[in-house]
Amino acid sequence: MIQTLDTIIIGGGQGGLATSYYLKQQGREHLMLEQSDQPGSAWRDGRWDSFTLVTPNRMFHLPGAEYTGDQPGGFLGRDEVVEIFSRYADKFGLPLRTHARVSAVEASPSGGFLVRTQDITYQANNVVVATGLFQTPKVPAFADRISSSITQLHSAAYRNPNQLPEGGVLVVGSSQSGCQIAQEIHKSGRSVYLCVSCAGRIPRSYRGKDIMAWAELLGISERTVDMLPSPKAKFAANPHMAGKTDSGSINLHQFARDGIQLLGRLQDVRNGKAVLAPDLHDNLAKVDKFEADMLHNIDTYIEKAGLDQPAEQVAQIKDGYALELIGELDLEVRGIRSVIWAIGYTFDFGMVKFPVFDEDGYPIQKRGLTKQPGLYFVGLPWLHKQKSGLLAGVAEDAAHIAHSICAGQVSKLDT
């Protein structure tokens, strides 16, 4: 069965919804295909119970659903975000088909594209791929060598400490998810071991403003992809920070002071022992420098702009440097009964049968436009700006792509 449509959007997350919103506004025929049972399902299925956004509510810019409540400086929780997404398509009458997994996007003999699902093939003039980069939870191959008596979860499957068996917990990864999960489990009374990477740290607030307000003033979110030092820099882990004002700031040295055992990177598991890199102190130094550089940039901005902002001395905690560098950790001896992998996700655009990807598998594009006429990408980190993959910035790229489609412009990257 073949159905002909002008535009197919693959993915019902924030990128797909925003693009559909703008196409609907302009009366352009299209259909959004979502493999799950509702739009934005990743927010429901891939976030823990106490999850909140780390960007303030005022930065929630999903078009037509911008935050208008009385807590612009607060942080929406997982269930609140899920509720917005679940109602979004109905609220704006967006054409959506759920339980539709796309297996291939290929050239049509008559021109345009064939988009294949399990039961229907669509003929389309335009295809917008909005599946994001966070597609498959990343777990290292050596995880298979961990005893079956130890529960293993990716951060996407973690919900709360009660789902874990009694005993200690090893959390692998210290970006936002790893640090917030480790902190929550520690507060529940468990022994927590945290493998630390060099993902940076930023405080929740500084000199009278939320840190994201300073990031906006510094133009960080407006940085464009051509400003990155290398193409691979767009995959850098997000700095860890608190997502709740009542939790203060997250600091690995404070973790050490509170009793969380900090470790170097996990390199392997052999004979029941975690093999650890001797890089804990080096990683902590990089984390500390990330924050110091950020605060220096803010101080410089305040001085140059002549702002009347109160000076602030951020506590310089150094407890992590006093910790012994451990090369091996016997999981059974330490009573570790759970491992949580907080090391990110992999992505695969193999369903798109066109040579529009670089050596990392990331689309070669300019603000979502590829060299294949009519083929677009949206909702990816650093698609155009630092904020392109965030709720704060996805609308800009979606509007640009929708405008290109509706204006009859050809999606083709300049060469």
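Our subject is the structure listed above.
This report concerns the structure included in the present document. Per chain, the residues get numbers from 1 upward, laid out in the order the sequence is written. Local features in a predicted model are, by the rule used here, given only for residues with pLDDT of at least 70; side-chain atom pairs are given and counted only at 80 or more, and totals for whole chains, interfaces and linings are based on all residues. Calculated side-chain values reflect all of the structure's heavy atoms, with hydrogen atoms and water omitted.

1. Here we look at helix α4 (residues 176–187)
Our working definition: In this description a helix means any DSSP run of H or I spanning at least four residues, a strand means any run of E spanning at least two, and both kinds are numbered starting from the N terminus. Expected helix span is given by 1.5 Å per residue-to-residue step, counting one fewer step than there are residues. For every residue, the accessible area obtained with a 1.4 Å probe (protein chains only) is divided by the maximum for its type, and the residue is called buried under 20%, exposed over 50%, and partly exposed between those limits.
Given a rise of 1.5 Å per residue, 12 residues ought to cover 16 Å, and the 17 Å separating the end C-alpha atoms of α4 matches this to within 8%. All of the buried residues along α4 are Q176, G178, C179, Q180, I181, A182, Q183 and I185. Looking one or two residues past α4, G189 carries a phi angle of roughly 105°, positive in sign.

2. Quick look at unusual backbone geometry
One non-glycine residue with positive phi stands out, namely H99, at about 55°. Here H99 lies in the loop between β3 (96–97) and β4 (104–107). Judged by relative accessible area, which is 49%, H99 ranks as partly exposed. Positive phi values are uncommon outside glycine, yet W382 reaches one of about 60°. Topologically, W382 is positioned in the loop between β19 (375–377) and α8 (394–406).

3. Concerning the packing of helix α1 (residues 14–25) against helix α3 (residues 78–92)
Basically, it comes down to this: Lines fitted to C-alpha atoms define the axes here, with helix axes fitted over just the stretch in contact, and angles between the N-to-C directions of these axes take values from 0 to 180 degrees. An angle counts as roughly parallel when it lies under 35 degrees, as roughly antiparallel when it exceeds 145, as roughly perpendicular when it falls between 65 and 115, and as oblique in every other case. Each crossing is labelled by how the near helix is turned from the far one, with a counterclockwise turn of less than a right angle marking it left-handed and a clockwise turn marking it right-handed. It only takes one pair of heavy atoms within 4.5 Å for two residues to be counted as in contact.
Running from N to C, α1 and α3 point in directions that differ by 15°, and their axes come no closer than 11 Å. The angle between α1 and α3 falls in the class roughly parallel. The handedness of the crossing between α1 and α3 comes out as left-handed. Each of Q14, L17, Y21 and K24 in α1 lies in contact with α3, whose residues at this interface are F85, Y88 and F92.

4. Examining the packing of aromatic side chains
As a reminder of what qualifies: The criterion for an aromatic pair is that two Phe, Tyr or Trp rings (for Trp, the six-membered ring) have centres within 6.5 Å, with stacked assigned to planes under 30 degrees apart, edge-to-face to planes over 60 apart and tilted to the rest. For a ring to carry a charge above it, either NZ of a lysine or CZ of an arginine must fall within 6 Å of the ring centroid while also lying within 35 degrees of the normal to the ring plane.
For the coordinates displayed, the defined rule picks out 17 aromatic pairs. Considering the side-chain rings of F235 and Y362, the 5.9 Å spacing of their centres and the 75° angle between planes classify their relative orientation as edge-to-face. Of this pair, F235 sits in the loop between α5 (211–217) and α6 (252–258) while Y362 sits in the loop between β18 (345–346) and β19, and the two are 127 residues apart along the sequence. Three or more aromatic residues joined by ring pairs form one cluster here, namely F235, F347, F349, F357, Y362 and F377. When the ring centre of F51 is taken as reference, the NZ or CZ atom of R47 above it lies at 5.3 Å.

5. Focus: the packing of α1 against α8
Angle between the axes and distance between the axes: these two values describe a pair of packed helices. Orientation of α1 relative to α8, taken along the N-to-C sense of each, is 45°, at an axis distance of 8 Å. Classified by the interaxial angle, the pair formed by α1 and α8 is oblique. The two elements α1 and α8 meet at a crossing, and its hand is right-handed. Along the contact surface, α1 presents Q14, G15, A18, T19, Y22 and L23, while α8 presents V394, A395, A398, A399, A402, I405 and C406.

6. Quick look at the sheet that holds strand β10 (residues 192–195)
Condition: Only strands joined by at least two bridges in the DSSP assignment are considered to pair.
If you trace the 5 strands from one edge of the open sheet to the other, you get β8-β17-β9-β10-β13, paired in parallel fashion. If you trace the sheet from one side to the other, it starts and ends with β8 (151–154) and β13 (261–263), each paired once. For this sheet the average axis-to-axis angle between neighbouring strands, irrespective of direction, equals 20°.

7. Considerations on the pairing of strand β6 (residues 121–129)
Across the 9 residues that make up β6, a large majority, 8, are buried. Sheet topology places strand β1 (residues 2–10) next to β6; 8 bridges connect them, and they run parallel. Following the sheet pairing, Q3 is matched in β6 by Y122. Pairing between strand β5 (residues 113–116) and β6: 4 bridges, direction antiparallel. Across the sheet, F113 pairs through a bridge with A124, a residue of β6. Bridge count between β6 and β19: 3 bridges; the pairing is parallel. Across the sheet, V129 pairs through a bridge with F377, a residue of β19.

8. Some details on the state of the cysteines
As a reminder of what qualifies: By disulfide we mean two sulfur atoms from cysteines, separated by a distance within 2.5 Å.
Following the criterion strictly, the structure yields 0 disulfides and no others. In this structure C179 is not part of a disulfide, and its nearest cysteine sulfur, from C195, lies 12 Å away. Looking at the unpaired C198, the closest cysteine sulfur is the one in C179, lying at 12 Å.

9. Quick notes on the sheet that holds strand β15 (residues 273–276)
Strand order in the open sheet formed by 3 strands is β14-β15-β16, with antiparallel pairing between adjacent strands. Here the strands that pair on one side only, and so sit at the sheet edges, are β14 (266–270) and β16 (328–330). Within this sheet the neighbouring strands show an average axis-to-axis angle of 25°, counted without direction. Judged from the 4 bridges that link them, β14 and β15 form a sheet pairing that is antiparallel. Paired with D268 across the bridge in β15 is V275.

10. Some thoughts on the environment of H400
As for its placement among the helices and strands, H400 is situated in helix α8. When its relative accessible area of 26% is taken as the criterion, H400 is described as partly exposed. The sequence separation of H400 and A342 amounts to 58 residues, and the corresponding C-alpha distance is 33 Å. The residues contacting H400, other than those within four sequence positions of it, are R367 and L369.

11. Some thoughts on the environment of D319
For the record, the criterion: Polar contact criterion, stated in full: a pair of N or O atoms within 3.5 Å, where within protein one must be able to donate a hydrogen and the other to accept it, and residues adjacent in sequence count only if both atoms are side-chain atoms.
Checked against the element boundaries, D319 lands in the loop between α7 (280–305) and β16. For the pair formed by D319 and I120, sequence separation is 199 residues and the distance between their alpha carbons is 59 Å. Contacts of D319, omitting those with residues within four sequence positions, involve H253, A256 and R257. In terms of polar contacts, D319 uses its side chain to reach the side chain of R257, at 2.9 Å.

12. Things to note about empty space enclosed by the protein
Convention followed: Two kinds of site are reported from a 1 Å grid over the protein atoms alone, namely cavities, where a 1.4 Å probe fits but cannot get out, and pockets, open sets with protein on both sides within 12 Å along at least five of seven lines, and residues are called lining when an atom falls within 4 Å of a point. Grid points are joined across faces, edges and corners, and a volume is the space filled by probe spheres set on the points. Throughout, the ten residues Ala, Val, Leu, Ile, Met, Phe, Trp, Tyr, Cys and Pro are labelled nonpolar, Asp, Glu, Lys and Arg are labelled charged, and all others, Gly among them, are labelled polar.
Applying the stated criterion to the full structure yields 1 cavity of 30 Å³ or more. Forming the boundary of the largest cavity are R201, N251, H253, D288, E291, A315, Q316, I317 and K318. Looking at the lining of the largest cavity residue by residue, the classes come out as 2 nonpolar, 3 polar and 4 charged.

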